[in-house]
Amino acid sequence: MAAPQDDMFSFCVDPGKVSNCVEVKFIDKVKGKGLFAKRSIKKGESIFIERPLVSAQFLWNALYKYRACEYCLRALETAEENARRLSGVPGLSLPHPELCSVRPELHQACPQCQVMYCSSECRQAAADQYHRVLCLGASQEDPDHPINKLKDAWRSMHYPPETSSIMLMARMVALVKQGQLALLQSLFTTALYDDHLNRWFTPEGFRALFSLVGTNGQGIGTSSLSQWVHACDALELPGQQREHLDSFIDQLYKDIEKETGDFLNCEGSGLFLLQSACNHSCIPNAEASFPDNNFLLHLSALSDINPGEEICISYLDCCQRDRSRHSRHKILRENYLFICSCPKCVSQMDELDLTSEEEEEGEAEGETEGDEMEDEMTDV
C-alpha cells in the first residue's frame, strides 16, 4: 500500500522517467496495490531513483556514535575515521585516502542545537521541512525536554540490534502493551501537538501513524568505508599492488568484525512513496540499494522484467529466503502481517512445516554429530 502524500513532503522521482517505466495498479483487497513494468526492463537496469518523503536515523545507532547527516543520512565520518572507530585502531591509515567521498569542509551544524548536516543544502531542506519544529536549541542535551523523553521511551522499548527495515516496526508495535503505547502517545503529544494535525494525536490516529510507518517503511544504510572499498575495487592496479590492497582490506574487515561485529553502517529508515508500492516475493525480481551513501533509494532489476509483470522486492534477507517455506511464512506473518503466496511458496506447499528454530536445532544437532564423528576419527 502506497504511503499518502502530504503538502509538507516533496516526491522526488522524475515523473517522466517513472511514467515510461512503471505504474502503480490495484491488485485486490488482500494485496492492495502493486508496482508493474510498463516496458521491458533488463537485468541490472536502474528502474528508478527515489528520495524519501521523510527519513530518520535509528536512535541507538546515533547514540553509538554512527555520525550521519541529520537530513539525508549521509555518513559524516571520513572512511579513515570510520575504519579507526570500527576497528579500534586509532592510528590506522587507509591507502588511497583520495577515494573517500566525504567532504568535512562542507559540513554544517544547526546554529541552535548543533545537529550536523553534510551540506548547507541539507541543513536548509531540514529547516524547511521539519527542523524548525524539532530543534531543541539549548535543550538538546536536556533529559527533561519532552522530545528527549520521547526518544528515551522509544529506546527503552526497542533495543539493539535495530531492525534493517522499519517495516519490522509492525512487529514491535504488536508486542507493545497498551500502557506503553499510551505512554508514547502522551509523550509524542506533549512534544509535538499542533491543532492543525490533531487527528494524529488521538489514540486511533497515533496507531494509524505507527501502522503507516510499519507497513511502508524501508531500512536505509550508509557507510563511508563501504564507499571507499568500492572505489578501491574499481582501481586498475598492477597484480602485486592489487593483491596487497585486497589483503589490507580483508584484514581490516577481520579486525572490524572482532572489535565491532556486524554493525558497520549508519542505519535509519524512510518512507518512499513509489517503492512502498512494491510487494514481497521470496524470489524477487528487483532490489533496493543506497549506493550514493545517502537516503536516495535505487531500485534495480535482478532479472529481466516483461511489460505488465509485477515488480517485487523481498522483505527477507538472503539467509531468510533460503529457509523453509514455513519458516519464511513465520517471519513474514510476525513482522509484516501477511502470508506469502509467491511462486516459490506455492511450489513448496508440500514441504514439512519446520520453523526457523527447528531448522537451527536440526543444524546444531548435525554439527554436534559431525563433531563426535570427527573426534572418533581423530581418536582412530
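Located above this text is the structure these notes cover.
Residues numbered from 1 in each chain as written. Predicted model: local features only at pLDDT ≥ 70, side-chain atom pairs only at ≥ 80, totals over all residues. Heavy atoms only, no water.

Draft legend 1. Expanded view of the overall build of the protein chain. Within the protein chain, the secondary structure is distributed over 14 helices and 12 strands. Buried positions account for 42% of the 380 residues belonging to the protein chain. Of the contacts formed within the protein chain by residues at least 6 apart in sequence, a portion of 69% connects residues at least 24 apart. Surface exposure of the protein chain reaches about 21100 Å², of which carbon and sulfur atoms provide 53%. (Helix = DSSP H or I, 4+ residues; strand = E, 2+ residues; numbered from the N terminus. Buried < 20%, exposed > 50% of the residue type's maximum accessible area, 1.4 Å probe, protein only. Contact = heavy atoms within 4.5 Å. Areas by Shrake-Rupley, 256 points an atom, 1.4 Å probe, with all protein chains shown as cover.)

Draft legend 2. Representation of the side chain of H107 in the model. For H107, the position within the fold is in the loop between α3 (79–87) and β5 (108–109). Reaching out from H107, the side chain makes a polar contact with the backbone oxygen of R103 at a distance of 3.5 Å. Excluding anything up to four places from it in sequence, H107 contacts L76, V102, M116, Y117 and C118. (Polar contact = N/O pair within 3.5 Å; in protein donor to acceptor, adjacent residues only side chain to side chain.)

Draft legend 3. Quick look at the packing of aromatic side chains. In total, this model carries 6 aromatic pairs according to the counting rule given. Residues Y71 and Y130 carry aromatic rings whose centres are separated by 6.4 Å and whose planes lie at 20° to one another, so their mutual orientation is stacked. Remark: Y130 occurs in helix α4 (residues 120–134) and Y71 occurs in the loop between α2 (59–63) and α3; sequence separation between them is 59 residues. Since its relative accessible area comes to 6%, Y71 is described here as buried. Under the relative-accessibility criterion, Y130 is labelled buried at 17%. Ring centres of Y315 and F338 lie 5.9 Å apart, and the angle between their planes is 90°; this geometry places the pair in the edge-to-face category. Here the residue Y315 occupies a position in the loop between β12 (310–313) and α11 (318–321), and F338 occupies one in the loop between α12 (325–336) and α13 (343–347), the gap between them amounting to 23 residues. Judged by its relative accessible area of 26%, F338 is partly exposed. Grouping aromatic residues by their ring pairs yields a cluster made of W60, Y64 and Y159. (Phe/Tyr/Trp six-rings, centres within 6.5 Å; stacked < 30°, edge-to-face > 60°.)

Draft legend 4. Representation of the pattern of salt bridges in the model. What the rule picks out here adds up to 6 salt bridges. As a salt-bridge pair, K330 and E334 come within 3.3 Å of each other at their nearest N and O atoms. Here K330 and its partner E334 are both found in helix α12, 4 residues apart, which amounts to about one turn of the helix. (Salt bridge = Lys/Arg side-chain N within 4 Å of Asp/Glu carboxyl O.)

Draft legend 5. Region of the structure containing the sheet that holds strand β11 (residues 297–301). Read from one edge of the open sheet, 3 strands run β3-β11-β10, paired in antiparallel fashion. At either end of the open sheet lies a strand with only one pairing partner, and these are β3 (46–50) and β10 (286–289). Each strand of the sheet is rotated relative to its neighbour by a mean of 20°, with strand direction disregarded. As paired elements, β3 and β11 share 4 bridges and run antiparallel to each other. Bridged to F48 within β11 is L299. (Pairing = 2+ DSSP bridges. Axes fitted to C-alpha atoms, helices over the stretch in contact; angles between N-to-C directions.)

Draft legend 6. Focus on the nonpolar core. Ranked by internal contacts, the top residues of the largest apolar core, which has 44 residues, are L35, I47, Y71, L299 and I311. A per-element tally of this core places α4 first, with 4 residues. For this core, the domains that each give at least three residues are domain 1 (12–50 + 269–347) and domain 2 (54–181). Counting residues in each nonpolar core, the second largest holds 19 residues, with A83, L86, L245 and C266 among its members. (Core = buried A, V, L, I, M, F, W, Y, C linked by side-chain atoms within 4.5 Å. Domains from an automatic or database assignment.)

Draft legend 7. Representation of the sheet that holds β12 in the model. Overall, mixed pairing links the 4 strands, which are arranged β1-β2-β12-β9 in an open sheet. This sheet does not close on itself; its edge strands, each paired only once, are β1 (22–28) and β9 (279–280). As paired strands, β1 and strand β2 (residues 32–37) are joined by 6 bridges and run antiparallel to one another. Opposite V24, over in β2, you have L35 as the bridge partner.

Draft legend 8. Helix α5 (residues 146–157), seen in detail. Compared with the 16 Å implied by 1.5 Å per residue over 12 residues, the 17 Å span of α5 between its first and last C-alpha is a close match. For α5, the full list of buried residues reads I147, N148, L150, A153, W154, R155 and M157. (Expected span 1.5 Å × (residues − 1).)

Draft legend 9. Representation of the side chain of Q348 within the structure. Topologically, Q348 is positioned in the loop between α13 and α14 (356–379). According to the relative accessible area criterion, Q348 is buried, its value standing at 18%. The contact partners of Q348, leaving out residues within four places of it in the chain, are R325 and R328.

Draft legend 10. Looking closely at the pairing of strand β8 (residues 266–271). For β8, the tally of buried residues reaches 6 of 6 residues, placing the bulk of the element in the interior. Burial of β8 is two-sided: the residues C266, G268 and G270 facing one way and the residues E267, S269 and L271 facing the other way are all buried. The sheet contact formed by strand β4 (residues 54–57) and β8 spans 4 bridges and is antiparallel. The residue of β8 that forms the bridge with S55 is G270.

Draft legend 11. Spotlight on the state of the cysteines. Taken as a whole and judged by the stated rule, the model has 0 disulfides. With no disulfide of its own, C69 lies 3.8 Å from the sulfur of C72, the closest cysteine sulfur. With no disulfide of its own, C72 lies 3.7 Å from the sulfur of C118, the closest cysteine sulfur. (Disulfide = S-S within 2.5 Å.)

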